[in-house]
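Listed below are the residues making up each chain.
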Amino acid sequence: MEDISQSSPPLGEAAGTNGVRAAPPTARRRQQSPFSSLRHVNYRYLAAGTMFMSLGQWIQQVTLGYVMYDLTGSSVLLGLLSTVRSMPFLFISPLAGVIVDRVDRRKLLLQTQGLLAVTALTMGFFVRSPDLQAWHVFVFAIITASGWAVTQPLRQTLVPRLVPREDISNAVALNSMSFNVSKVLGPALGGLLIAWLGASGNFFVQGCAYCGVLISIGFMSLPHTERADGEVRRSIWSDLREGMAYVQTTPAVFALLIAAMVPSIIAMPYQTLMPVMQKDVLGVGPEGLGLMLAAPGLGAMSFTFLAASFAGGVRRKGYILLAAMAGLGITIVLFSMTRSLPLALLSLVGVGGFQILYATTNQTMLQLLVPDALMGRVMSIYMINSGFSPVGALFAGIMAQAFGAPITIAIMGLLVLGLAIVMFFRNPEMRRIMT
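These figures come from a predicted structure and were not determined experimentally.

### Brief notes about helix 13 (residues 317–337)
At step 1: In this model helix 13 runs 30 Å from its N-terminal to its C-terminal C-alpha over 21 residues, within 8% of the 30 Å that 1.5 Å per residue would give.
At step 2: Among the 21 residues in helix 13, 16 count as buried, and that is most of the element.

In structure tokens form, the structure reads like this:
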């Protein structure tokens, strides 16, 4: 098999020290608007579709939990439902990446969004009927999560094809901003819709949201990419092995994919312990928990706005990546040490901000490094980290039972900070990306 990693310029050469052809000095110095990528009409359609899809996802998350508990009264099944929704990212994403690299991406996006729309509308009729059973909810969760396992890496691959290189950082940041706005609005909207329309009405709203995505995709056009005959005729397994070989033989990409797993496994499981911190450590009521859950979203929106404004003009994105990773670890430790609600909220704003800055920088660097022919496979591997979230949450719960929530959260923060220091001094590929 040909080593496709050799098709990209070596790290540190004239093409750019992070493996990407350097932008002209005038482009790097260009003052960037926080919404500069929106001047590209096709990206505007993609961004609108991303907002509709994200709102639908968060509304669905609230509604599914409500339906399952109302139907069964079982907290065990609630936890199992969350696990089931994560599994497709582990098992389907790698194959989905191969498909993304083999077919027309716009048509595939239309097909997956159409499936999600039909499934949501169908589930609405099931919820309204008296024959609804728990297994219906699980089947729906598996189908929709499988659609997301294809759609999310697919959308990531479209960004470099819809905006020029100098706007990629801004586009990724705006995608993150859309996600975080919907993360704040979606659950609240989902709860209100359950009260106004009932649970079945929520699924009809989700179906309409996905129809909005279909409309935005219908207006979007993509530059045509030629595929060699050999690429089309190869088996899916050959393409999958080629993608894995590229990751293994491109140390910078491998390092970024490993780094992407840090928040899911080590850092973000602190969210599982928020009710414990609220009740047993801070001694505040449900209103305090609501503020604690909202604070990271506020930080994420603030930091993504900053990233959209300035990240495109920063050459050494590796420094941003490691600084954000260190900041994430420090603010998690600070949160574990707080015993007052205002300080807890302040530290959580920092946690959300550094986490999204870290994720946005990581995605941007991958999209600048990876060739388009392999983008689907690499981004699908990137999305696997979503499937590890339940593992981290389970580990956090076990640790908290044995040592208490504050100590567990402090350990997680120190691990993140320690990994940032190790990567700075010991990982040569991360240093190459920085220079």
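Moving on, there is more to tell.
### A closer look at helix 2 (residues 41–72)
At step 1: Helix length check: helix 2, at 32 residues, gives a terminal C-alpha distance of 47 Å against a target of 46 Å (1.5 Å per residue), a fit within 8%.
At step 2: Count one or two residues on from helix 2 and you reach glycine 73, which has phi positive near 65°.

### A few points about the confidence of the model for the protein
For any part of a model where pLDDT is low, the fine detail of the predicted coordinates should not be relied upon.
At step 1: Chain-level statistics for the protein give a pLDDT mean of 77 and a share of 82% at 70 or above.
At step 2: Highest mean pLDDT in the protein belongs to helix 5 (residues 105–128) (89); lowest belongs to helix 1 (residues 25–29) (42).

### Section: the packing of helix 2 against helix 6 (residues 134–162)
At step 1: Here helix 2 crosses helix 6 at 160°, and the two axes come no closer than 11 Å. Viewed along their axes, helix 2 and helix 6 adopt a mutual orientation that is roughly antiparallel. Helix-helix and strand crossings are classified by hand; for helix 2 and helix 6 the assignment is left-handed.

### A short note on the packing of helix 4 (residues 93–102) against helix 6
At step 1: Helix 6 packs onto helix 4 with a crossing angle of 45° between their chain directions and a minimal axis gap of 9 Å. Regarding the angle of helix 4 to helix 6, the classification is oblique. Remark: the crossing between helix 4 and helix 6 carries right-handed chirality. Residue-level contacts link Ser93, Ala96 and Val100 of helix 4 to Ala149, Val150, Leu154 and Thr157 of helix 6.
At step 2: Of the residues belonging to the contact of helix 4 with helix 6, the class tally is five nonpolar, two polar and no charged.

Cut-offs used in this document
Residues numbered from 1 in each chain as written. Predicted model: local features only at pLDDT ≥ 70, side-chain atom pairs only at ≥ 80, totals over all residues. Heavy atoms only, no water. Helix = DSSP H or I, 4+ residues; strand = E, 2+ residues; numbered from the N terminus. Expected span 1.5 Å × (residues − 1). Buried < 20%, exposed > 50% of the residue type's maximum accessible area, 1.4 Å probe, protein only. pLDDT = per-residue confidence, 0-100. Axes fitted to C-alpha atoms, helices over the stretch in contact; angles between N-to-C directions. Parallel < 35°, antiparallel > 145°, perpendicular 65-115°, else oblique. Left-handed = near helix turned anticlockwise from the far one by under 90°. Contact = heavy atoms within 4.5 Å. Nonpolar A, V, L, I, M, F, W, Y, C, P; charged D, E, K, R; others polar.

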